[in-house]
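For reference, the chains in residue letters:
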Amino acid sequence: MSSREVELRALMMASLDGEAKAHRVLLERLSRHLRAYYKNKLERIGRSAEEAEELVQDALMAIHTRRDSYDPEQLFTPWVHAIARYKLIDHLRKTKSSMTDVPLEEASEVMAQDDHTATESALDLNRMLAALPDKMRRAIQYVKLDGLSVGEAATRCGMSESAIKVSVHRGLKTMAAAISRGQRT
């Protein structure tokens, strides 16, 4: 285990125990690593540093709000990198980037990844979504996974925007409770 992994994991564990100072230090350290990661990735495809800053903030927010989903039995940095990678993919999808923007030498990195953990996570997510009532499942799918706006999801579901927001909130809360109980469905 690398010294960086040991340090960041210790900060995360202290953060989970409610130590605010450790949480602040963790987010500061992660922001440096994430900034370098995003600037490197975006620079390779001709994107701006401002986008990197936006992604850093998005990733830090996701790490902060989803910190209870971190499994202390697992390494910490792969969990962070998975969040960072998904935020980057979501950002590129929302800003209409395509694989044609990725230089050829980068294509193998994007296309050929043995991501066993991501596959297991996707299966767990699908099981958890399937356990939700239909309107919650569809609201989460459209807004959180497909990246649609609340208005677009409301139109597709035939629901009000408020109902979509409530369904997403309640569905995520239900899923978080299931995770905290250690249930996979």
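So, a few notes on the structure that sits alongside this text.

Basis of the calculations
- Residues numbered from 1 in each chain as written.
- Predicted model: local features only at pLDDT ≥ 70, side-chain atom pairs only at ≥ 80, totals over all residues.
- Heavy atoms only, no water.
- Core = buried A, V, L, I, M, F, W, Y, C linked by side-chain atoms within 4.5 Å.
- Buried < 20%, exposed > 50% of the residue type's maximum accessible area, 1.4 Å probe, protein only.
- Helix = DSSP H or I, 4+ residues; strand = E, 2+ residues; numbered from the N terminus.
- Contact = heavy atoms within 4.5 Å.
- Axes fitted to C-alpha atoms, helices over the stretch in contact; angles between N-to-C directions.
- Parallel < 35°, antiparallel > 145°, perpendicular 65-115°, else oblique.
- Left-handed = near helix turned anticlockwise from the far one by under 90°.
- Nonpolar A, V, L, I, M, F, W, Y, C, P; charged D, E, K, R; others polar.
- Phe/Tyr/Trp six-rings, centres within 6.5 Å; stacked < 30°, edge-to-face > 60°.
- Lys NZ or Arg CZ within 6 Å of the ring centre and 35° of its normal.
- Salt bridge = Lys/Arg side-chain N within 4 Å of Asp/Glu carboxyl O.
- Patch = residues over 30% accessible without salt bridge, like charges linked within 9 Å, V, L, I, M, F, W, Y side chains within 5 Å.
- Areas by Shrake-Rupley, 256 points an atom, 1.4 Å probe, with all protein chains shown as cover.
- Polar contact = N/O pair within 3.5 Å; in protein donor to acceptor, adjacent residues only side chain to side chain.
- Expected span 1.5 Å × (residues − 1).

### So, the nonpolar core
General note: in soluble globular proteins, nonpolar side chains tend to be found buried as a group. In this structure, Leu30, Leu34, Tyr38, Ile63, Phe76 and Trp79 are the most contacted members of the largest nonpolar core, which totals 28 residues. Those elements giving two or more residues to this core turn out to be helix 1 (3-16), helix 2 (20-44), helix 3 (49-65) and helix 4 (76-94). Every residue in contact with leucine 30, bar those within four places of it in the chain, is listed here: Leu8, Leu60, Ile63, Phe76 and Val80. Listed in part, the 10 residues of the second largest apolar core include Cys157, Met159, Ile164 and Val168.

### Here we look at helix 7 (residues 134-145)
Restricting attention to buried positions, one finds in helix 7 the residues Met136, Ala139, Ile140, Tyr142 and Val143. Backbone geometry just downstream of helix 7 places glycine 147 in the positive-phi region, at approximately 80°.

### Examining the packing of helix 2 against helix 4
Geometrically, a packed helix pair is captured by the angle between its two axes and the distance between the axes. The N-to-C vectors of helix 2 and helix 4 enclose an angle of 45°; their axes lie 11 Å apart at closest approach. Of the possible angle classes, the one that applies to helix 2 and helix 4 is oblique. Every pair of crossing elements has a handedness; the one defined by helix 2 and helix 4 is right-handed. Across the interface between the two elements, Leu26, Leu30, Leu34, Tyr37, Tyr38, Lys41 and Leu42 from helix 2 touch Phe76, Val80, Ala84, Arg85, Lys87, Leu88 and Leu92 from helix 4. The class makeup of the residues in the contact of helix 2 with helix 4 is 11 nonpolar, no polar and 3 charged.

### Notes on the packing of aromatic side chains
Think of a pair of aromatic rings as described by two things: how far the centres are apart, and how the planes are tilted against each other in angle. Under the criterion given, the structure shown has 4 aromatic pairs. An aromatic cluster of at least three residues, connected via ring pairs, comprises Tyr70, Phe76 and Trp79. One cation-aromatic arrangement involves arginine 156 over tyrosine 142; the distance from NZ or CZ to the ring centre is 5.3 Å.

### Topic: the pattern of salt bridges
Under the counting rule described, the total for this entry stands at 6 salt bridges. Residues glutamate 51 and arginine 47 are paired through a salt bridge, measuring 2.7 Å at the closest nitrogen-oxygen approach. By relative accessible area, glutamate 51 is classed as buried at 12%. Among the ionic pairs, aspartate 90 bridges to arginine 93, the shortest N-O distance being 3.4 Å. Of this pair, aspartate 90 and arginine 93 both sit in helix 4, 3 residues apart, roughly one helical turn.

### Here we look at a nonpolar patch on the surface
On the surface, Met1, Val6 and Leu75 cluster together into a nonpolar patch covering about 320 Å² of accessible area. Positionally, methionine 1 belongs in the segment before helix 1.

### Quick word on the side chain of glutamate 5
Locating glutamate 5 in the fold gives a position in helix 1. At 2.6 Å, the side chain of glutamate 5 and the backbone nitrogen of phenylalanine 76 are in polar contact. Contact partners of glutamate 5, with chain neighbours within four places excluded, come to Leu75, Phe76, Thr77 and Pro78.

### Here's the deal with helix 1
The α-helix winds at 3.6 residues per turn, so residues separated by three or four positions along the chain end up facing the same way. The end-to-end C-alpha distance of helix 1 is 20 Å, a good match for the 20 Å that 14 residues give at a rise of 1.5 Å each. Listing the buried residues of helix 1 in full gives Glu5, Leu8, Leu11, Met12, Ala14 and Ser15. Packing partners of the buried residues in helix 1 comprise helix 2 and helix 4.

### A few points about the packing of helix 2 against helix 3
Helix 3 packs onto helix 2 with a crossing angle of 140° between their chain directions and a minimal axis gap of 8 Å. One element, helix 2, and the other, helix 3, form an angle in the oblique class. By crossing handedness, the relation of helix 2 to helix 3 is classed as right-handed. The residues of helix 3 that touch helix 2, namely those facing His23, Leu27, Leu30, Ser31, Leu34, Arg35, Tyr38, Lys39 and Leu42, are Ala49, Glu51, Ala52, Glu53, Leu55, Val56, Ala59, Leu60, Ile63 and His64.

Keep in mind these numbers describe shape, not what the thing actually does.
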